[in-house]
Amino acid sequence: MTIRTTQTTVHFSSPFLLQGLDATQPAGDYRVDHDEELVEGLSRLAWRQVGAFIHLPRIGMPAATHQMVPITSADLQSALEKDLRS
């Protein structure tokens, strides 16, 4: 099975909370990794997302420890849409 990871940066203008996070996170830019697996048997390449992880703390924030927290893409998208409305 072939797996790839793509990285994106998301921006929150306001503090936010995602399922799986222990506490509300401050506004800022966050790195998100998306793990995808190759869908076998198709005549063209296709990838299916199998996981997503947000990196804490936010980009540019010094910290003694860093962590990757598993999240769902749906929760992330919902939080980003909510942030745009606020």
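Coordinates for the structure precede this section.
In short, a report on the structure. (Residues numbered from 1 in each chain as written. Predicted model: local features only at pLDDT ≥ 70, side-chain atom pairs only at ≥ 80, totals over all residues. Heavy atoms only, no water.)

A closer look at the packing of aromatic side chains
Here is the rule we go by: Paired rings are identified among Phe, Tyr and Trp, the last through its six-membered ring, by centres lying within 6.5 Å, and are further divided according to the angle between planes into stacked (under 30 degrees), edge-to-face (over 60) and tilted (the rest).
Counted under the stated rule, the structure contains three aromatic pairs. An aromatic cluster is defined as three or more aromatic residues linked by ring pairs; in this entry it consists of Phe12, Phe16 and Tyr30.

Here we look at the nonpolar core
The criterion, for reference: Each nonpolar core is a collection of buried residues, namely Ala, Val, Leu, Ile, Met, Phe, Trp, Tyr and Cys, held together in the definition by side-chain atoms within 4.5 Å. Exposure is judged per residue with a 1.4 Å probe applied to protein chains only, and the accessible area is read against the type maximum: over 50% gives exposed, under 20% gives buried, and values in between give partly exposed. In this text, helices come from DSSP runs of H or I with a minimum length of four residues, and strands from runs of E with a minimum of two, each type numbered from the N-terminal end. Whether two residues are in contact is decided by their heavy atoms, any of which lying within 4.5 Å being enough.
The biggest cluster of nonpolar side chains holds 15 residues, and the ones touching the most others in it are Phe12, Leu18, Ile54 and Leu76. At the level of secondary structure, the elements contributing two or more residues to this core comprise β1 (3–12), β2 (28–38), β3 (47–56), β4 (67–71) and α1 (73–85). Discounting residues that sit within four places of it in the chain, Leu76 has contacts with Val10, Phe12, Leu18, Val32 and Ile71.

Notes on the layout of surface pockets
Formally: Cavities and pockets were defined on a 1 Å grid built from protein atoms only: a cavity is a group of points that admits a 1.4 Å probe but offers it no way out, a pocket is an open group of points flanked by protein on both sides within 12 Å along at least five of seven lines, and a lining residue is one with an atom within 4 Å of any such point. Grid points are joined across faces, edges and corners, and a volume is the space filled by probe spheres set on the points. Gly is placed with the polar residues, together with every amino acid not listed as nonpolar (Ala, Val, Leu, Ile, Met, Phe, Trp, Tyr, Cys and Pro) or charged (Asp, Glu, Lys and Arg).
Within this model, the largest pocket holds a volume of roughly 160 Å³. Ser14, Pro15, Phe16, Leu17, Leu18, Asp75, Ser78, Ala79, Lys82, Asp83 and Ser86 together form the lining of the largest pocket. In terms of residue class, the lining of the largest pocket is made up of five nonpolar, three polar and three charged.

Description of the pairing of β3
Note the cut-off: A pair of strands is considered paired only if DSSP assigns at least 2 bridges between the two.
Here seven bridges tie β2 to β3, and the two strands are oriented antiparallel to one another. Paired with Leu38 across the bridge in β3 is Trp47. Note that β3 and β4 share five bridges and pair antiparallel. Counted as the bridge partner of Ala52 is Ile71 from β4.

All quantities given are derived from atomic positions and should not be read as evidence of function.
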